[in-house]
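These are the residues of each chain, in order.
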Amino acid sequence: MPVYLAAYFLENYLFMEKSNAAALLAQDAQAVWHPFTPLVGSAQPLLVTHAQGAYLYTSDGRQIIDAIGSWWVNLHGHSHPHIAQAVARQATQLEHVIFAGFTHEPAISLATRLLEVLPTNQKKIFYSDNGSTSIEVSLKMAMQYWYNQEGENTRRRKVVALEGAYHGDTFGAMSVGERSPFNAPFAPFLFDVHFLPVPYTPDVFSAADATDTQACLQAFTELVQTQEVAAFIFEPLLQGTAGMKMFSRDLLNELLAIAKKHDVLCIADEIMTGFGRTGKLFACEYLDVAPDMMCLSKGLTGGALPLGITTCTEKIMEAYRSYDLLKTFFHGHSFTANPLACAAANASLDLLLAPESVANRARIAAKHRAFAERISTKSFVRQVRALGVVLAVEFETQTQTSYVNEARHYLYQYFLDQDILLRPLGNIVYILPPYIISDEDLEKVYQAIEQIKL
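Residues numbered from 1 in each chain as written. Predicted model: local features only at pLDDT ≥ 70, side-chain atom pairs only at ≥ 80, totals over all residues. Heavy atoms only, no water.

The following threshold applies: UniProt positions are given in the numbering used here, feature names are shortened, and annotations may be inferred rather than shown by experiment.
An unreviewed UniProt entry lists the chain under the name Adenosylmethionine-8-amino-7-oxononanoate aminotransferase, with Flexibacter flexilis DSM 6793 as the source organism. Turning to the chain, the UniProt record has this under Sequence similarities (unreviewed entry): "Belongs to the class-III pyridoxal-phosphate-dependent aminotransferase family. BioA subfamily." Listed in UniProt under the heading Catalytic activity (unreviewed entry), the comment for the chain reads: "(8S)-8-amino-7-oxononanoate + S-adenosyl-L-methionine = S-adenosyl-4-methylsulfanyl-2-oxobutanoate + (7R,8S)-7,8-diammoniononanoate".

This is the structure:
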């Protein structure tokens, strides 16, 4: 084909592609309601046509580094062939079946394999659909644990959580999360929760201020001594939405020890921290006291499909082992243990446990620590925090650190203009990349952070 004809066809192809993208975006504006996005005054969303590895490719020809793993879910890179092939194979065998009265190999295999790598006291897997629903399951499971043993007159009705907590957007999950403008419209409908003051530390291995630590421990002790607390729910060591804020491992160990002494059920929300994010497979591995329940999602399927899990101990199950039908845990979802999602999770677990992934996580953690040292002395930096593959940089601004800090609007667009996806939490920028991200791409992200002018 003559060069001039090839150029003509290429020009027309690109024109049609752009026209199609424009039409799709117009339809999006007409029909789609995006999360966490005002209906007026928001920029037009970017149309992603495909993704590969650490990159998102958009209809306007851009290649964007996904430095937050697409909201903390993507572990191994986009369109990973091992996960894609596992889902494709499963789709030709069994796409879905009711999970009450039926079971299937992907769910059995996944549950068995997870119990082999979770803390040894975890004995049972309960499937749900996402992170919020895994939290709902844990709260209901904890409340019914006491109801099954003590009946409707049980005194164990209170839940204790941490200030700054975020556990999801359904009603139970909102109830155990920090009260904020985001859930203010629903405040009258949320159940009461006691929130403990959390003394934050620059890293999980530092000791918190002695006075603040004592206040936290005393407040918790006074609550649990009433024998009215059913459960204590927490994000282990790292509060994500609060700004990737860290608190002392020793403090959490003490809180868990107090809870165990007073027979309070402990729920670890590992939705964000699980599957290698903190440097260990699960953040609870840093602790001396294991939780009674764990909630998992996000990275569970490597970001391929939605799936949630709540795990529990033998102690929890004993309260449900009865011929009394009314002691059954009457909870389920239409897509509980969906075979496609379970197949994706099994494939993701293959990759997660492989030596290459272990080495990648160690590599990223080392790069983060080196960059943290490099940037910590900069005048525009308030604090740098690093744990595993998580790095958070808190910027100095004229207003206090918060999710609604105005710096977010500038920072988000600043990075996007450099083809980097970072979604700041107010004036806090964090990196939580897929484990396959290259050193070169990490350095590009680091340099963009260093060159910020607020």
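Description of the packing of helix 3 (residues 81–91) against helix 10 (residues 339–353)
Here is the rule: A fitted line through C-alpha atoms represents every axis, and for helices the fit uses only the stretch in contact; the resulting angles, taken between N-to-C directions, go from 0 to 180 degrees. To qualify as a helix, a DSSP run of H or I must reach at least 4 residues; to qualify as a strand, a run of E must reach at least 2; elements of each kind are numbered from the N terminus. With respect to orientation, any angle under 35 degrees is reported as roughly parallel, any angle over 145 as roughly antiparallel, any angle of 65 to 115 as roughly perpendicular, and every other angle as oblique. Helix crossings fall into two classes, left-handed where the near helix is turned counterclockwise from the far one by less than a right angle and right-handed where it is turned clockwise. Throughout, a contact is declared for two residues whenever any of their heavy atoms are within 4.5 Å. Polar here means any residue other than Ala, Val, Leu, Ile, Met, Phe, Trp, Tyr, Cys and Pro, which are nonpolar, and Asp, Glu, Lys and Arg, which are charged; Gly is therefore polar.
Close contact between helix 3 and helix 10 brings their axes to 8 Å; oriented N to C, the two are set at 150°. With respect to each other, helix 3 and helix 10 are oriented roughly antiparallel. Here the hand of the crossing between helix 3 and helix 10 comes out right-handed. Facing helix 3, whose interface residues are His82, Ile83, Ala86, Val87, Gln90 and Ala91, helix 10 presents Pro339, Leu340, Ala343, Ala344, Ala347, Ser348, Asp350 and Leu351. The residue inventory of the contact of helix 3 with helix 10, partitioned by class, reads ten nonpolar, three polar and one charged.

Quick look at the UniProt feature "binding site: pyridoxal 5'-phosphate" (unreviewed entry) in the chain
The condition that has to hold: Whenever a nitrogen or oxygen atom comes within 3.5 Å of another N or O atom, the pair is scored as a polar contact, on the condition that within protein one atom can donate a hydrogen and the other can accept it, and that pairs from neighbouring residues in sequence are kept only if both atoms are in side chains. Relative accessible area decides the class of each residue, using a 1.4 Å probe on protein chains only: under 20% of the type maximum gives buried, over 50% gives exposed, and in between gives partly exposed.
The sites that carry the UniProt feature "binding site: pyridoxal 5'-phosphate" (unreviewed entry) are, in the present numbering, Gly131, Ser132, Asp269, His333 and Ser334. In three dimensions, the annotated residues from a span of 204 residues occupy distinct locations, with a maximal C-alpha spread of 23.0 Å. Residue position: His333 is located in the loop between helix 9 (314–318) and helix 10. A polar contact is formed between the side chain of His333 and the side chain of His331, at a distance of 3.0 Å. Locating Ser334 in the fold gives a position in the loop between helix 9 and helix 10. On the basis of relative accessible area, Ser334 is assigned to the exposed category, the value being 63%.

So, the nonpolar core
Soluble, globular proteins show a tendency: their nonpolar side chains are buried together. Convention followed: Each nonpolar core is a collection of buried residues, namely Ala, Val, Leu, Ile, Met, Phe, Trp, Tyr and Cys, held together in the definition by side-chain atoms within 4.5 Å. The start and end points of each domain follow an automatic or database-based domain assignment.
Among the nonpolar cores identified, the biggest contains 97 residues, and Tyr127, Phe232, Phe415 and Ile449 are the most heavily contacted of them. Broken down by element, this core gets its largest block of residues, six residues, from helix 8 (residues 249–261). For this core, the two domains that each supply at least three residues are domain 1 (14–79 + 356–451) and domain 2 (83–352). Excluding its chain neighbours within four sequence positions, the residues that come into contact with Phe232 are Val160, Leu162, Leu196, Phe220, Leu252, Leu255, Leu256, Val264, Leu265, Cys266 and Ile267. Met141, Ala231, Cys312 and Ala319 belong to the second largest nonpolar core, which has 26 residues in total.

Brief notes about the state of the cysteines
Quick reminder of the rule: Put simply, a disulfide is two cysteine sulfurs that come within 2.5 Å.
Here the structure, examined in full by the defined rule, presents zero disulfides. Not part of a disulfide, Cys284 finds its nearest cysteine sulfur in Cys266, a span of 9.8 Å. For Cys284, a relative accessible area of 5% gives the class buried.

Concerning the sheet that holds strand 14 (residues 381–387)
Stated precisely, the cut-off is as follows: A pair of strands is treated as paired once DSSP finds two or more bridges between them.
The antiparallel open sheet is built from three strands, whose spatial order is 14-15-17. A single partner strand is all that each edge strand has here, and the edge strands are strand 14 and strand 17 (428–431). The mean inter-strand angle of the sheet, taken between neighbouring strand axes irrespective of direction, is 10°. Bridge count between strand 14 and strand 15 (residues 390–395): six bridges; the pairing is antiparallel. Paired with Val384 across the two strands is Val393, which belongs to strand 15. In the packing of helix 11 (residues 355–375) onto the sheet, the strands contacted are strand 14, strand 15 and strand 17, and the crossing angle to strand 15 comes to about 15°.

Some points on the domain arrangement of the chain
Stated formally: Here the quantity called buried area is the accessible surface, traced with a 1.4 Å probe, that two parts lose on coming together, added over both.
Segmentation of the chain into domains returns domain 1 (14–79 + 356–451) and domain 2 (83–352). The interface of domain 1 with domain 2 comprises 27 residues on the first partner and 29 residues on the second. For the domain 1 and domain 2 pair, buried surface summed over both sides reaches about 2500 Å², with 68% attributable to carbon and sulfur atoms. Broken down residue by residue, the surface that domain 1 buries against domain 2 is led by Trp72, His76 and Leu387, which jointly contribute 28%.

Regarding the packing of aromatic side chains
To keep things clear, this is the line we draw: Two aromatic rings from Phe, Tyr or Trp, using only the six-membered ring of Trp, form a pair when their centres are within 6.5 Å; if the ring planes differ by under 30 degrees the pair is stacked, by over 60 it is edge-to-face, and anything between is tilted. We call a charge positioned above a ring when the Lys NZ or Arg CZ atom is no farther than 6 Å from the ring centre and deviates by at most 35 degrees from the ring normal.
Under the defined criterion, the tally for this structure stands at 16 aromatic pairs. With a centroid separation of 5.9 Å and 15° between ring planes, the pair formed by Phe380 and Phe395 is classed as stacked. Placement of Phe380 in the loop between helix 11 and strand 14 and of Phe395 in strand 15 is noted, with a sequence separation of 15 residues between them. Between Tyr414 and Phe415, the ring centres sit 5.0 Å apart and the planes meet at 75°, which makes this aromatic pair edge-to-face. Overall, Tyr414 belongs to the buried group, its relative accessible area being 14%. Above the ring of Trp146, the side-chain terminus of Arg156 is found at 4.4 Å from the ring centroid. One cation-aromatic arrangement involves Arg361 over Tyr435; the distance from NZ or CZ to the ring centre is 5.5 Å.

A few points about the pairing of strand 2 (residues 55–58)
Only one face of strand 2 is buried, namely the one carrying Leu56 and Thr58, since none of Tyr55 and Tyr57 on the opposite face is buried. As defined by bridge partners, strand 1 (residues 48–52) adjoins strand 2 across four bridges and the pair is classed as antiparallel. Within the sheet, the bridge partner assigned to Val48 lies in strand 2 and is Thr58. The turn linking strand 1 back onto strand 2 is made up of two residues, and Gly53 within it adopts a positive phi angle of 60°. Note that strand 2 and strand 3 (residues 63–66) share three bridges and pair antiparallel. Within strand 3, the position partnered with Tyr57 by the bridge is Gln63.

As for the UniProt feature "binding site: substrate" (unreviewed entry) in the chain
Residues given the UniProt feature "binding site: substrate" (unreviewed entry) here are Trp71, Tyr166, Lys298, Gly332 and Arg423. Their sequence span is 353 residues, while the largest C-alpha to C-alpha distance among them is 32.9 Å; these annotated residues do not converge on one region. Note on placement: Lys298 falls in the loop between strand 12 (293–296) and strand 13 (308–313). Residue class for Lys298 comes out partly exposed when judged on its relative accessible area of 25%. Once residues lying within four places of it in the same chain are set aside, the contact partners of Lys298 are Trp71, Trp72, Val73, Ile271, Met272 and Gly303. Its location among the elements puts Arg423 in the loop between strand 16 (420–421) and strand 17. Those residues in contact with Arg423 that lie beyond four places of it in its chain are Phe36, Ile68, Trp71, Arg408, Tyr412 and Tyr430.

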